[in-house]
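The primary structure of each chain is shown beneath.
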Amino acid sequence: MKSMSIIEESQKYAALLEHKPELGPAATFVPNKAEPVYNWLYYKEGFSKELVNWLLDYFSAQQTSENETQNQTTPKALDSSEFQLVLDPFCGVGTTLLACKQKGINSIGYDVQPAAVFASMVKTKNYDLDELKEQARLLLKKKFIRLDKKFPPLFYRAFSKYALEDIAFFDSEIREMGNNNDFFLLALINAAIKCSYVWKDGAVIKIRKAPKPPLRVMLRKTIYRMIKDLEASPQTGAHCVAEMKDARQLDLEPGIIDAVITSPPYLNNIDYTKVYEIENYFLGYPKPPLRSFIGFSDVEEFSELPASARAYFTDMKKVLYELYRVSKSSAKLAVVVGNGYVDGVIVDSDLLLAKMAEGMGFNVEKIFVVNERFALEERTKKKGVLRESIIVMEKI
Ligand SMILES: C[S@@+](CC[C@H](N)C(=O)[O-])C[C@H]1O[C@@H](n2cnc3c(N)ncnc32)[C@H](O)[C@@H]1O
């Protein structure tokens, strides 16, 4: 008898699909744009604080009801602080980490994009606000000195001559600061992007010349806004770690993670590193560094999938193995994924990853469909529907 292909087998997970369009906006970065601290670096690929909080509450409610079923006589009220350690192996700009920190939960995040890891780290650190204010005052009253600094070619198109002079001056002053210089460097990156002619259009950077405010003015505004954000943010003693590492090989002990909230790059997705060339330059990466890793492995299997999807699933299988290894038993996982249209074929990443995860020992409980869009060919021909979904599962 002919054995079923992984595509056929994965279709049985369609029974777990549950439509939740009300979560659609929260699966994007848009709500974070108005959220203090979360908005310190715009990251198109990110999801929102709202989504992380919703998932933490959902996991807690599940745990409470599991506990009540096990012990009918003395039900124990749980809240999300029951999660001692949350992991986001594709942490981007640290939305999962910051949301956990604000709830008093420890967290670890990894990513391969330098600017994203840097923003995650700066956003989740603890600061002495009086010290920051004094440093800000001293920095902003420094007398301007013109420095002779060479920038990568993109900078000469992306900035006015005056903006480049200010960048060179403040960059050098900030590097001299020692304590908290990462906070001020993120402020400079933010201010520089706002004063640039750069327009991020999908995977490419476009240049649109238009009048921009002086960089020094924007930097002042940004620094004082960031300090105000910290003043208004809930402070807890939770620890956060953000590091530049590959999710396919986690540097963690087995069985230590209570929950995972994450979103890997989507099948078919853009090369993230190119559009963050300016941000990464400030961190010592003069050229776009690594391409997003997921989808570049040597192909081992999944021969029935379109060729360009095979490497993606080979890599994601490695990631799922790692998540299984580092999770405690009963750990809760939420993985936000997007389906892709590859070589004329709709690939249901949500169902395929659910099938792979269950084969490794996860129990897939639900697949929440949060967004749907048309797969288009030649920009207008509709070829079917692509879902964006959250796979919710438990390690058994
Ligand atoms: C969809 S985004 C996640 C965004 C994140 N949820 C947020 O809110 O900022 C996927 C992330 O995976 C990162 N990435 C790609 N390949 C990776 C790898 N092999 N290991 C770790 N991170 C990777 C990308 O740099 C990107 O930041």
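Residues numbered from 1 in each chain as written. Predicted model: local features only at pLDDT ≥ 70, side-chain atom pairs only at ≥ 80, totals over all residues. Heavy atoms only, no water.

Let us now look at the domain arrangement of the protein. Taken domain by domain, the protein comprises domain 1 (6-126 + 235-395) and domain 2 (129-232). On a C-alpha basis, the centres of domain 1 and domain 2 stand 31 Å from each other. Interface area for domain 1 against domain 2, summed over the two sides, is near 2300 Å², with a carbon-plus-sulfur share of 70%. A per-residue breakdown of the area domain 1 buries against domain 2 is headed by W40, I278 and F282, which together make up 35% of the total. (Domains from an automatic or database assignment. Buried area = accessible area lost by both parts, 1.4 Å probe.)

Further remarks concern the sheet that holds strand β11 (residues 362-377). The strand order across the open sheet built from eight strands is β1-β11-β12-β8-β7-β2-β3-β6, with neighbouring strands paired in mixed fashion. Looking at the sheet topology across the chains shown, the edges are occupied by β1 (17-19) and β6 (240-244). Strand after strand, the sheet turns through a mean of 20 degrees between neighbouring axes, direction not considered. Contacting β3 (106-111) and β6, helix α4 (residues 114-124) runs over the sheet at an angle of about 165 degrees to β6. Helix α12 (residues 307-326) rests against β2 (85-88), β7 (257-262), β8 (327-338), β11 and β12 (381-395) of the sheet, and its axis sits at about 150 degrees to β8. (Pairing = 2+ DSSP bridges. Helix = DSSP H or I, 4+ residues; strand = E, 2+ residues; numbered from the N terminus. Axes fitted to C-alpha atoms, helices over the stretch in contact; angles between N-to-C directions. Contact = heavy atoms within 4.5 Å.)

Next up on the list: unusual backbone geometry. The phi angle at V37 is positive, at roughly 70 degrees, despite the residue not being glycine. Structurally, V37 can be placed in the loop between β1 and α2 (49-70). V37 gets classed as buried once you look at its relative accessible area, which sits at 2%. A positive phi is found at D343, a non-glycine position, where the angle reads about 50 degrees. Its location among the elements puts D343 in the loop between β9 (340-342) and β10 (345-347). By relative accessible area, which is 56% here, D343 ends up exposed. (Buried < 20%, exposed > 50% of the residue type's maximum accessible area, 1.4 Å probe, protein only.)

A separate point is the pairing of β3. The buried fraction of β3 amounts to five of the six residues, a majority that puts the element mostly inside the structure. Taken together, the four bridges between β2 and β3 define a ladder with parallel strand orientation. Across the sheet, residue V86 finds its bridge partner in β3, namely S107. Handedness of the crossover is the feature at issue here: the chain leaves β2, passes through helix α3 (residues 95-102), returns alongside β3, and the resulting connection is right-handed. Relative to β6, β3 runs parallel, the two sharing five bridges. Each bridged residue has a counterpart across the sheet, and for I108 the counterpart in β6 is V241. (Right-handed = clockwise from strand over helix to strand, strands pointing away.)

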